[in-house]
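Analysis of the macromolecular model
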Amino acid sequence: LPSADELIALGVDRERGAVVRNGVDDIPDSVAVGDRDTRADAPTLAVLSRLVPHKQIEDAIDVVAALRHAAPALRLDVIGGGWWDDNLREHARSRGVADSVIFHGHVSETRKHEILSRSWIHVLPSRKEGWGLAVVEAAQHGVPTVGYRHSRGLTDSVVDGVTGVLVGDEWLSRDSDVDELTDAVRTLLDDGDLRRQLGEKARLRTREFSWTWCARAVESVLSERMHGRAVSGLVAGRPEAGRR
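Because the structure is predicted, anything quoted here is derived from the model rather than measured.

Some thoughts on the overall build of the protein chain
Looking only at helices and strands, the protein chain has 9 helices and 8 strands in total. Its C-alpha atoms give the protein chain a radius of gyration of 19 Å, within 12% of the compact-globule value 18 Å for 244 residues. Here the C-alpha coordinates of the protein chain stretch approximately 60 × 40 × 35 Å along the principal axes. In the protein chain, the proportion of contacts linking residues at least 24 apart, taken out of those at least 6 apart, comes to 74%. Total accessible area computed for the protein chain in this model is approximately 12,100 Å², and 50% of it derives from carbon and sulfur atoms. Here the protein chain contributes 33 positively and 39 negatively charged side chains, and the mean placements of these two sets differ by 3 Å.

Re helix 3 (residues 85-94)
An α-helical turn contains 3.6 residues, so any two residues separated by three or four positions project in the same direction. Among the residues making up helix 3, those that are buried are Asp 85, Leu 88, His 91 and Ala 92. Taken end-on, helix 3 shows its buried residues confined to a sector of 120°, consistent with a single buried face. Among the exposed residues of helix 3, those pointing more than 90 degrees away from its buried face are Asp 86 and Ser 94. Where helix 3 terminates, the next one or two residues include Gly 96, which has phi positive at roughly 75°.

Side note on the pattern of salt bridges
Within the structure shown, the criterion is met by 16 salt bridges. In this structure, Asp 99 engages Arg 68 in a salt bridge whose closest nitrogen and oxygen atoms are separated by 2.7 Å. On the criterion of sequence distance, the pair formed by Asp 99 in the loop between helix 3 and strand 4 (101-105) and Arg 68 in the loop between helix 2 (57-67) and strand 3 (75-79) is long-range, its members being 31 residues apart. Looking at Arg 68, the relative accessible area reads 23%, which means it is partly exposed. With a shortest N-O distance of 3.1 Å, Arg 149 and Asp 160 are connected by a salt bridge. Of this pair, Arg 149 sits in the loop between strand 6 (145-148) and helix 6 (154-157) while Asp 160 sits in the loop between helix 6 and strand 7 (164-167); the two residues are 11 residues apart in sequence, bridging distant segments of the chain. Asp 160 sits in the partly exposed class, given a relative accessible area of 38%. Each of the salt bridges in this network shares a partner with another, and the network as a whole consists of Glu 109, Lys 112 and Glu 137.

A closer look at the packing of helix 2 against helix 3
Between helix 2 and helix 3, whose axes approach to 10 Å, the crossing angle comes to 20°. The angle between the axes of helix 2 and helix 3 places the two elements in the roughly parallel class. Along this stretch, helix 2 crosses helix 3, giving a crossing that reads as right-handed. Listed contacts from helix 3 to Ile 57, Glu 58, Ile 61 and Asp 62 of helix 2 are Leu 88, His 91 and Ala 92.

A few points about the environment of Glu 208
By secondary structure assignment, the location of Glu 208 is in the loop between helix 8 (192-205) and helix 9 (211-226). Note on Glu 208: relative accessible area 34%, which makes it partly exposed.

Rules of the game
- Residues numbered from 1 in each chain as written.
- Predicted model: local features only at pLDDT ≥ 70, side-chain atom pairs only at ≥ 80, totals over all residues.
- Heavy atoms only, no water.
- Helix = DSSP H or I, 4+ residues; strand = E, 2+ residues; numbered from the N terminus.
- Rg over C-alpha atoms; globule rule 2.2 N^0.38 Å.
- Contact = heavy atoms within 4.5 Å.
- Areas by Shrake-Rupley, 256 points an atom, 1.4 Å probe, with all protein chains shown as cover.
- Lys, Arg positive; Asp, Glu negative; His and termini not counted.
- Charge placed at Lys NZ, Arg CZ, Asp CG, Glu CD.
- Buried < 20%, exposed > 50% of the residue type's maximum accessible area, 1.4 Å probe, protein only.
- Arc of directions from axis to C-beta.
- Salt bridge = Lys/Arg side-chain N within 4 Å of Asp/Glu carboxyl O.
- Axes fitted to C-alpha atoms, helices over the stretch in contact; angles between N-to-C directions.
- Parallel < 35°, antiparallel > 145°, perpendicular 65-115°, else oblique.
- Left-handed = near helix turned anticlockwise from the far one by under 90°.

In structure tokens form, the structure reads like this:
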């Protein structure tokens, strides 16, 4: 797992590392779970992220600029706030797509899920991710994620080719990254069957992520440690019946 590998690279013994995956909050009861009926009529991308430089939301804006000639109705919903907001707005203006990029800022949990339920594809072009909770939140609505393989954390939260698509190589240039990101988004926009297939598999995988199980797993790791027994590797989650 990426975070564990990074700790090992810093000198932590592999046998001392236990990994417990995040949980995810339930979709608010007032929000319709994403499906064909909730999707926006126009092709709609979403980015759920803090607005800071290393999240590279400029790349998602560049995707819109590259694809808008073929899909004039294409829009991008940017969900989240941060000190890089003005720079991103200026980037959208400079690329001529300010009218296609909607900056929602900080929103309530309800509003966040409403926007995700309308989305076709979640784009997460971050240079660095430890996990990618936004991936799982989008997946709750059957929305697949497209992101960068070299962000490391997304290689755990996205099963490439199954629940989403990972592109790019850390040795390639940023322009090459954006080109690959654009190609992956274009493919999913054009192929509705593939997009829905990835989204439904992503939705199924969200059953593995529960705060209840996360807490129990952490408790078990600490309990074993108190008794002098080390736990290493992934402490896997279990599906819970009845979760939305």
